[in-house]
Amino acid sequence: MAIRMRAFLSTLLLLFFFTLFVIETESQKVPKNNILTRFLESRIGGIVKRVTKKIVKHEAKETLKDFANQTMNPPAPPPSDAPVSPEKIDGLHFLKEYLNDYGYIQENDSYTDLMDSDTVSAIRSYQTFFNLPVTGNLSYETVEQLLLFRCAVPDVNFTYNLSPSNNVSWPKGKNWFSNRTNLTYGFLPENDIPDNFTEVFRDSFQRWSEAISEVVNLTFMETRYDDADIKIGFYTFNSKTVGGEVVGTSLIELASNDGGDDVAVGNMLLDVTKYWALPNDTLKLNSTTLEYGVIDLDDVVMHHIGHLLGLSHSSHNESVMYPYILPENQRKVQLSHDDKQQINQVYSPHENGNGVGYSPWGLINTPLLGFACMFLLY
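Computed from a prediction, not measured in an experiment: that's the story for all the values here.

Asks: Would you explain the packing of aromatic side chains in this entry?
Replies: Working definition: an aromatic ring pair is given by the centre-to-centre distance plus the angle between the planes. Per the stated rule, a full pass over the model turns up 15 aromatic pairs. Here the aromatic rings of Phe129 and Phe130 are separated by 4.9 Å at their centres, their planes lie at 80°, and the arrangement is edge-to-face. Of the residues examined, Phe129 reaches a relative accessible area of 18% and is grouped as buried. By relative accessible area, Phe130 is classed as buried at 5%. Between Phe130 and Tyr322, the ring centres sit 5.8 Å apart and the planes meet at 90°, which makes this aromatic pair edge-to-face. Taken together, the residues Phe130 in the loop between α5 (117-129) and α6 (140-146) and Tyr322 in the loop between α9 (297-308) and α10 (337-346) connect sequence positions 192 residues apart. Here Phe130 matches Tyr322 in class, with each residue buried. By way of ring pairs, the aromatic residues Tyr185, Phe187, Phe201, Phe205, Phe220, Phe234 and Trp276 are connected into one cluster. The residue whose ring lies beneath Arg150 is Tyr324, and the NZ or CZ to ring-centre distance is 4.8 Å. The ring of Tyr225 carries Lys231 above its face, with NZ or CZ at 4.9 Å from the centroid.

This is how it looks when you write it as structure tokens:
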């Protein structure tokens, strides 16, 4: 038995050093800034960081579950003749900020930790939208939903106003590109996006063009970033503005063209710190890989093209426009019945275009130079 165990350990060591040899060999074959090199190096060097990240997230998850227990099992109510005051729950102001980010509660400069009637109403609205048990408390189902990766565009209750005074807005409707039948898109040069990634975007634009062809004739063509109607880039997001749950967003910007005229352009901004998996990636996408920030690129690109074409979030989890990434259903690239209904509504001859909703640019920091850094899992 001891001989077999020593042989087994020796085999493991050989495999480990062989892996390091392969990584070093690959590093010599390709330039140091090549995306493949960075990825291969991160497979060994990033293990400790990824495990640490998972432990931290697990602890946060357990804390939220304890938080749910507090809200689901409140203390006994006082006698009916006694004044009722809102319960104080440590950390509740973070939940209020989250609910405000996605349109469920009014903005406030200083949220408190009191479970007041407005918060209960906001939780109920959130649960209703996502077809969760409507309790007004943070049930386990609600907590699990809050922990998922998602899109930064609000789900409900955002206004539509793009003007010189409000020159950045959430996408809504098709007014920003008017009656144009061809839209161009371009990639941020600093990202140095490789061909196998740009192919994902190209296929997704083609998929959308075919899907809406029965309603409107709209095509897409790649061009220079500066000249594009839709500008695509990978950025580091401002963690003070949004949580780590955000994988990307879509925005409309009113910018000046070469002639000095104001023109609306669409922006697709994706989180550079996520590990973006390609359609032919051999790594199976599941709940475990999702914990490490492994996100299907095709799924997210399809979602944000939908936003730029005027579609809002859907409460149906099989929809491309569902705002969360579900562990059991991460890859969604074919339009659902609900998506097609939205297309018909937006592009109906009676649709007025609806404009876009205002949002500050505080969400985004400067772009992370060197697209290869996308594969480094913090």
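That covers the picture; the talk isn't over yet.
Asks: Mind showing me how you'd approach helix α4 (residues 92-101) here?
Replies: Since the α-helix advances by 3.6 residues per turn, residues separated by three or four positions end up pointing in the same direction. All buried positions along α4 are accounted for by Leu92, Leu95, Lys96, Tyr98 and Leu99. When α4 is viewed along its axis, its buried side chains cluster within an angular range of 160° and face the same direction. Phi turns positive, to about 95°, at Gly103, one or two residues after α4.

Asks: What is the right way to read unusual backbone geometry from this model?
Replies: One can expect most non-glycine residues to show negative phi and most peptide bonds to be in trans. Backbone geometry at Asn131 places phi at a positive 60°, although glycine is not the residue there. Residue position: Asn131 is located in the loop between α5 and α6. Take Asn131: its relative accessible area is 56%, and that puts it in the exposed class. Even without a glycine there, the phi angle at Asp192 is positive, about 50°. Position of Asp192 among the secondary structure elements: in the loop between β5 (182-187) and α7 (195-211).

Asks: For this particular structure, what's the right way to read the side chain of Ser209?
Replies: For Ser209, the position within the fold is in helix α7. According to the relative accessible area criterion, Ser209 is buried, its value standing at 12%.

Asks: Is there a simple way to explain the pairing of strand β6 (residues 219-222) in this structure?
Replies: As a general feature of sheets, a regular strand has side chains that alternate between the two faces. With four bridges connecting them, β5 and β6 associate as parallel partners. Paired with Asn182 across the two strands is Thr219, which belongs to β6.

Asks: Help me understand the pattern of salt bridges, please; the structure alone is not making it clear to me.
Replies: When the charged atoms of two side chains lie near each other, side chains of opposite charge can form a pair. With the rule as written, the count across this model stands at eight salt bridges. Notably, a salt bridge pairs Asp116 with Lys96, separated by 3.7 Å at the nearest N-O pair. Note that Asp116 is positioned in the loop between β2 (114-115) and α5 and Lys96 in helix α4, a separation of 20 residues in sequence. For Lys96, a relative accessible area of 2% puts it in the buried group. If you follow the salt bridges from partner to partner, you end up with Arg224, Asp226 and Asp227 in one network.

Asks: Would you explain the pairing of strand β9 (residues 262-271) in this entry?
Replies: With eight of 10 residues buried, β9 lies mostly within the body of the structure. Note: strand β7 (residues 230-237) against β9, six bridges, orientation parallel. Bridged to Gly233 within β9 is Leu269. Both strand β8 (residues 246-256) and β9 contribute to a ladder of nine bridges, which runs antiparallel. Within the sheet, the bridge partner assigned to Leu254 lies in β9 and is Ala264.

Asks: What am I meant to see in the nonpolar core here?
Replies: The tendency in soluble globular proteins is for nonpolar side chains to be buried side by side. Core analysis: the biggest nonpolar cluster contains 44 residues, and Phe201, Trp208, Leu270, Trp276 and Leu297 have the highest contact counts within it. Mapped by element, the contributors of at least two residues to this core are β5, α7, β7, β8, β9, α9 and α10. Ranked by the residues each element gives to this core, the list is headed by α9, at six residues.

Asks: Looking at this structure, how should I read the environment of Asp116?
Replies: Given the relative accessible area of 24%, Asp116 is considered partly exposed. Discounting chain neighbours no more than four positions away, the residues touching Asp116 are Pro86 and Lys96.

Asks: Mind showing me how you'd approach the environment of Ser336 here?
Replies: With respect to the element layout, Ser336 can be found in the loop between α9 and α10. By relative accessible area, which is 9% here, Ser336 ends up buried. Each residue touching Ser336, except ones within four places of it in the same chain, is listed here: Glu318 and Ser319.

Asks: I would appreciate a short explanation of the packing of α7 against α9 in the present structure.
Replies: When two helices pack together, their arrangement is captured by the angle between the axes and the distance separating the axes. Between α7 and α9, the least distance of the axes is 9 Å, while the angle of their chain directions is 45°. As summarised for this structure, α7 and α9 are arranged oblique, according to the angle between their axes. Judged by the twist between their axes, the crossing of α7 over α9 is right-handed. Across from Phe197, Val200, Phe201, Ser204, Phe205, Arg207 and Trp208 in α7, the residues of α9 making contact are Leu297, Asp298, Val301, Met302, Ile305 and Gly306. Looking at side-chain class alone, the contact of α7 with α9 contains nine nonpolar, two polar and two charged residues.

Asks: Help me understand α5, please; the structure alone is not making it clear to me.
Replies: The terminal C-alpha atoms of α5, which comprises 13 residues, lie 18 Å apart, in line with the 18 Å expected from a rise of 1.5 Å per residue. Of the positions making up α5, those classed as buried are Thr119, Ala122, Ile123, Tyr126, Gln127 and Phe129. One face of α5 carries all of its buried residues, which in axial projection span an arc of 165°. Packing partners of the buried residues in α5 comprise α4, β2 and α6. Remark: Asn131 follows α5 within two positions and exhibits a positive phi of approximately 60°.

Thresholds applied
Residues numbered from 1 in each chain as written. Predicted model: local features only at pLDDT ≥ 70, side-chain atom pairs only at ≥ 80, totals over all residues. Heavy atoms only, no water. Phe/Tyr/Trp six-rings, centres within 6.5 Å; stacked < 30°, edge-to-face > 60°. Buried < 20%, exposed > 50% of the residue type's maximum accessible area, 1.4 Å probe, protein only. Helix = DSSP H or I, 4+ residues; strand = E, 2+ residues; numbered from the N terminus. Lys NZ or Arg CZ within 6 Å of the ring centre and 35° of its normal. Arc of directions from axis to C-beta. Pairing = 2+ DSSP bridges. Salt bridge = Lys/Arg side-chain N within 4 Å of Asp/Glu carboxyl O. Core = buried A, V, L, I, M, F, W, Y, C linked by side-chain atoms within 4.5 Å. Contact = heavy atoms within 4.5 Å. Axes fitted to C-alpha atoms, helices over the stretch in contact; angles between N-to-C directions. Parallel < 35°, antiparallel > 145°, perpendicular 65-115°, else oblique. Left-handed = near helix turned anticlockwise from the far one by under 90°. Nonpolar A, V, L, I, M, F, W, Y, C, P; charged D, E, K, R; others polar. Expected span 1.5 Å × (residues − 1).

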